[in-house]
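# Overview (structure and organization)
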Amino acid sequence: MSVRDLVNDVLTSQTWKRTSQWIRGTAGRGPAAGHEIDGVFVPAEIVVYFGDDADKIYQVQQWLPVLERLNEHRPVVLVFRKLSALRAVKGHTKLPRVFVRRFEDLMTLYSENRYKLALYVNNGVQNFQSFNEAHTVHVHVNHGESDKISMVANQVKAYDRVFVAGPAAIARHERVLYDFDMNHLEVVGRPQLDIDFPAELSAVEGLRTVMYAPTWEGENEANNYTSVDVYGAKIVRALLKVKDVRVVYKPHPRITDSEDPKLRAGHKAILEALHADTEATGRKHVVSLTGNILAMFGAVDAMITDVSSVGLDFLYSHPEKPIVLTDRRSDRAKLTEEAPISQGCAVIDASSIGRLSEQLRQAVREDSFAEDRRRIRAFYFGDVARGESTELFVSAIDRLIDERAEAISARRALLGKDSPSVVGE
């Protein structure tokens, strides 16, 4: 092929057409804003802002049922900065959705619709662009309650309020942050756990169901709490030795896309062990890579998990059921300080892995931590019962919106209606 033919092939390819359109768009000569509108009914009162790609869309998805309930009280719109994220929630919610690529268009959207409050499910760097809208109340809600270090980021200082689950989260912020106004924390429990989901897992007569639900490796080593690469296969093989146990393997959604060779090898070994046991014994173990874990808790008799939101969600919903926690760092003193839930369950680490089968049998059959779990649940969630968190969540939003409206009115009265310094006018 000649050079001219090669150039012609490139210039007529679909890849080049998409690239050239993007170049023209960034120069202001082609498709300008890069919007995709999908069922949007604006103006709304609440904007849920998400600046990340579809690989983190689980952070939004777990809030969708709560946001749909909120939408019945105050209109909600989902704003995405990445088209892949908007497309990932299609079919999962009827809430209005809009994709806005450019910062200028985001600010236009905000100024034209006067959203009263913005919710953020993570600390993505693009959240700071949304903060430019001064009259809106900016609230961080995160995407779970967890003892991971990422749950307390210094970025929370930028939000007007931070919604947390209970006393443990308050203590976590006190321990980690400096020069942070603790009055910015609002206790709302765990609204996501108030939802009654259609069951995605059924009990099996004659078998106890033990779920192994490990987390992923995190963005860096400090946030790496996964057990898949160090204990995963050993945990599953030990469970398979117990004849009346059915294993449910429910890994974090990002484990299947991991580029860590050790984690990928651990995940593969788990799948192979489960498949081999099913072939040999006929026990139908479950591998759930995309299901709703909250919709499975009802059929689970015991939980094995890492430091993550899973163990705390299970504790909130079913404090009567055993939990086993893993510790890849094998530092019991640090684990006790950073993850108080470890005081109410058996812990798998380097010192206990040698007696894993015995440890799991005691945790599941004898459940010697039952009283400790009830005490620890109160530390994490206070006296909030299941079903009450949504009410706390909505009430807090109502109050913050009312307080901001009063502040704007007071500013108007102080400075004068026509003053250019009046925020939000």
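Quick notes on the rules
- Residue positions are given per chain, counting from 1 as you read along its sequence in written order.
- In view of the model being predicted, local features appear only for residues whose pLDDT reaches at least 70, and side-chain atom pairs are presented and counted only at 80 or more, with totals across whole chains, interfaces and linings using the full set of residues.
- Note that water and hydrogens are dropped before the side-chain values are worked out from all heavy atoms of the structure.
- Helix numbering and strand numbering both begin at the N terminus, where a helix is a DSSP run of H or I of at least 4 residues and a strand a DSSP run of E of at least 2.
- Accessibility here uses a 1.4 Å probe with only protein chains present; expressed as a share of the type maximum, an area under 20% marks a residue as buried, one over 50% as exposed, and anything in between as partly exposed.
- Only heavy atoms enter the contact rule, under which two residues are in contact if any of them lie within 4.5 Å.
- The accessible surface values rely on the Shrake-Rupley method and a 1.4 Å probe; as for residues, cover is taken only from the protein chains in view.
- A cavity here means a set of 1 Å grid points, computed over protein atoms only, where a 1.4 Å probe fits but cannot escape. A pocket is an open set with protein on both sides within 12 Å along at least 5 of 7 lines, and lining residues have an atom within 4 Å of a point.
- Grid points are joined across faces, edges and corners, and a volume is the space filled by probe spheres set on the points.
- Only Asp, Glu, Lys and Arg are considered charged, only Ala, Val, Leu, Ile, Met, Phe, Trp, Tyr, Cys and Pro nonpolar, and every remaining residue, Gly among them, polar.
- Like-charged residues within 9 Å of one another, or nonpolar side chains (Val, Leu, Ile, Met, Phe, Trp, Tyr) within 5 Å, are grouped into patches, provided each residue has over 30% relative accessible area and no salt bridge.
- We define a salt bridge as a contact between a side-chain nitrogen of Lys or Arg and a carboxyl oxygen of Asp or Glu at a distance within 4 Å.
- Under the rule applied, a polar contact is a pair of N or O atoms within 3.5 Å (in protein, one hydrogen donor and one hydrogen acceptor; residues adjacent in sequence only if both atoms are side-chain atoms).
- At least two bridges found by DSSP between two strands are what make those strands a pair.
- All axes here are fitted lines through C-alpha atoms, helices being fitted over the stretch that makes contact, and every angle between N-to-C directions spans 0 to 180 degrees.
- Oblique is the label for any angle not covered by the other classes, which are roughly parallel (under 35 degrees), roughly antiparallel (over 145) and roughly perpendicular (65 to 115).
- Handedness is read with the strands pointing away from the viewer; a crossover is right-handed when the path from the first strand over the helix to the second is clockwise.
- To define a nonpolar core, start from buried Ala, Val, Leu, Ile, Met, Phe, Trp, Tyr and Cys residues and group those joined through side-chain atoms within 4.5 Å.

Before going further, it helps to examine the overall build of the chain. Counting secondary structure elements, the chain contains 15 helices and 14 strands. Out of the 425 residues belonging to the chain, those deemed buried represent 51%. Within the chain, counting contacts between residues at least 6 apart in sequence, those at least 24 apart form 67% of the total. Accessible surface, the chain as shown: approximately 20,200 Å² in total, 51% of it carbon and sulfur.

A word on the environment of Lys94. Along the chain, the position of Lys94 falls in the loop between α5 (83-89) and β4 (97-100). Separated by 26 residues in the primary sequence, Lys94 and Glu68 have C-alpha atoms spaced 8.0 Å apart.

This part is about the layout of surface pockets. Gaps left between atoms are located by rolling a probe of water-molecule size over the structure's atoms. Approximately 310 Å³ is the volume found for the second largest pocket. For the second largest pocket, the lining is made up of 19 residues, of which Asp147, Tyr225, Arg329, Lys334 and Glu338 are closest to its centre. Of all the secondary-structure elements, those providing two or more residues to the lining of the second largest pocket are α8 (167-176) and α12 (332-338). Grouping the constituent residues of the lining of the second largest pocket by class yields eight nonpolar, one polar and 10 charged.

The grouping of Leu271, Val287 and Leu289 at the surface amounts to a nonpolar patch, some 200 Å² of accessible area in total. Along the polypeptide, Leu271 turns up in helix α10 (residues 261-281).

With that out of the way, let us pick up the side chain of Thr226. Locating Thr226 in the fold gives a position in the loop between β9 (208-213) and α9 (228-240). A distance of 3.3 Å separates a polar side-chain atom of Thr226 from the backbone nitrogen of Val228. In this structure, Thr226 is in contact with Thr215, Trp216, Glu217, Ile255, Leu263, Asp306 and Arg328, ignoring residues within four places of it in sequence.

This brings us to the pairing of strand β6 (residues 137-140). Covered by surrounding structure in β6 are Val137 and Val139 together with His138 and His140, the residues of both alternating faces. Sheet topology places β6 next to strand β7 (residues 161-164); two bridges connect them, and they run parallel. Across the sheet, the residue bridging to Val139 is Arg161, located in β7.

A separate point is the packing of helix α11 (residues 309-317) against helix α14 (residues 370-381). Contact geometry of α11 with α14 gives a least axis separation of 10 Å together with a crossing angle of 110 degrees. Here α14 runs roughly perpendicular to α11, going by the angle between their axes. For the pair α11 and α14, the contacting residues are Leu312, Leu315 and Tyr316 in the first and Arg373, Ile376, Arg377, Tyr380 and Phe381 in the second. Taken together, the residues of the contact of α11 with α14 sort by class into six nonpolar, no polar and two charged.

Take empty space enclosed by the protein next. In the structure shown here, the tally under the stated rule is four cavities of 30 Å³ or more. Considered as a void within the structure, the largest cavity measures approximately 170 Å³ in volume. Along the walls of the largest cavity sit 20 residues, with Val141, Gly144, Phe163, Val164 and Ala165 positioned nearest its centre. Of all elements in the fold, only β7 and α8 reach the threshold of two or more residues within the lining of the largest cavity.

Turning our attention to the pairing of strand β10 (residues 245-249). Of all five residues in β10, five are buried, a share of seventy percent or more. In β10, alternate side chains face the same way, and those of Val245, Val247 and Tyr249 on one face and Arg246 and Val248 on the other are all buried. Both β9 and β10 contribute to a ladder of five bridges, which runs parallel. Opposite Met211, over in β10, you have Val248 as the bridge partner. Handedness of the β-α-β unit built from β9, α9 and β10 comes out right-handed. Of the crossover connections in this fold, the one passing from β10 over α10 to the parallel strand β11 (residues 286-287) is right-handed.

Further remarks concern the nonpolar core. By size, the foremost hydrophobic cluster in this structure holds 33 residues, and its most contacted members are Leu70, Leu117, Leu119, Phe163, Phe393 and Ile397. Mapped by element, the contributors of at least two residues to this core are β2 (46-50), α4 (64-71), β3 (76-80), α5, β5 (117-120), β6 and α15 (389-415). The greatest single-element share of this core, amounting to six residues, is contributed by α15. In contact with Leu119, not counting residues within four places along its chain, are Ile46, Val47, Val48, Tyr49, Leu67, Leu70, Val139, Val141, Phe393 and Ile397. Judged by nonpolar contacts, the second largest core, of 32 residues, contains Met211, Val248, Leu335 and Ala339.

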